[in-house]
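Observations on chain architecture
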Amino acid sequence: MITCAAIVVREEEAAMASSREQSQETSSGPGKRILVVEDELETEEMLRTYFEFCGYEVLSTAWGKDVQEICRESHPDLIILDLQLPDTDGYQVYQELGNTQQTSHIPVIFLTKVVDDDLKATSRATGALDYITKPFDLQELERRVRDALR
Ligand code: CA
């Protein structure tokens, strides 16, 4: 069903998701496709499990270099982008997305352990951008995703 060159699939975290069951009736998730760019397997799994549970389709990669290609092939509606990636800087990925016509409209939510002034400045300078710091609250993140997809 999901085609993605660099996909990482392990879906055993259902217990975590089911503990959040009751709050999902307002989700606008069904049909929306999220690309998760995250190299930490645990976080990737958690996001995948949770967002799939909420009715989203989830693609993922650990590599910034793959993002453009995945966007070309699979047209995600939103990207959750870890800023600390093994191959490249999340900002760079974000800039490339913004500079490419087919991807410049896609809302991006940064995922980061560090909130510094650069991030705050970038976030202010670019309207469509949101960020959330690790460790993060999944429900809060889903709320922001929903807002961004409105
Ligand atoms: Ca990372």
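What you are looking at is a predicted structure, and each value in this text was computed from that prediction instead of being measured.

For the rest of this paragraph, the subject is unusual backbone geometry. Although it is not a glycine, His 75 sits at a positive phi angle of roughly 45°. With respect to the helices and strands, His 75 occurs in the loop between α3 (67–74) and β3 (78–82). For His 75, a count of 12 C-beta atoms within 10 Å translates into the label exposed.

What follows is about the confidence of the model for the protein chain. Looking at the protein chain as a whole, the pLDDT averages 79, with 73% of positions reaching at least 70. Considering only residues more than four positions removed or in separate chains, one finds that residues 1–27, a stretch of pLDDT under 50, has 39 contacts.

Let us look at the pairing of strand β1 (residues 33–37). With four of five residues buried, β1 lies mostly within the body of the structure. Across five bridges, β1 lies against strand β2 (residues 57–61) in parallel orientation. For Arg 33, the partnering residue across the bridge sits in β2 and is Glu 57. Regarding the hand of the β-α-β motif, the stretch spanning β1, helix α2 (residues 41–53) and β2 is right-handed.

To continue, consider the nonpolar core. Of all hydrophobic cores here, the largest spans 26 residues; its most connected members are Ile 34, Val 37, Ile 80 and Leu 81. For this core, the secondary-structure elements that each account for two or more residues are β1, α2, β2, α3, β3, α4 (90–99) and β4 (108–112). Not counting chain neighbours up to four residues away, the residues in contact with Leu 81 comprise Val 37, Gly 90, Val 93, Tyr 94, Val 108, Ile 109, Phe 110 and Leu 111.

Turning to the pairing of β3, a few remarks are in order. Within β3, five of the five residues are buried, leaving the element largely enclosed by the surrounding structure. Here β3 shows two buried faces, one formed by Leu 78, Ile 80 and Asp 82 and the other by Ile 79 and Leu 81. Pairing geometry for β1 and β3, over four bridges, is parallel. Residue pairing in the sheet places Val 36 in a bridge with Ile 80 of β3. By the bridge criterion, four bridges tie β3 to β4 in an arrangement that is parallel. Counted as the bridge partner of Asp 82 is Leu 111 from β4. After leaving β3, the chain enters α4 and then returns to the sheet as β4, a path that is right-handed.

Here is what the cut-offs are and how they apply
Residues numbered from 1 in each chain as written. Predicted model: local features only at pLDDT ≥ 70, side-chain atom pairs only at ≥ 80, totals over all residues. Helix = DSSP H or I, 4+ residues; strand = E, 2+ residues; numbered from the N terminus. Buried ≥ 20, exposed ≤ 12 C-beta atoms within 10 Å, placed from the backbone. pLDDT = per-residue confidence, 0-100. Contact = placed C-beta atoms within 7 Å. Pairing = 2+ DSSP bridges. Right-handed = clockwise from strand over helix to strand, strands pointing away. Core = buried A, V, L, I, M, F, W, Y, C linked by C-beta atoms within 7 Å.

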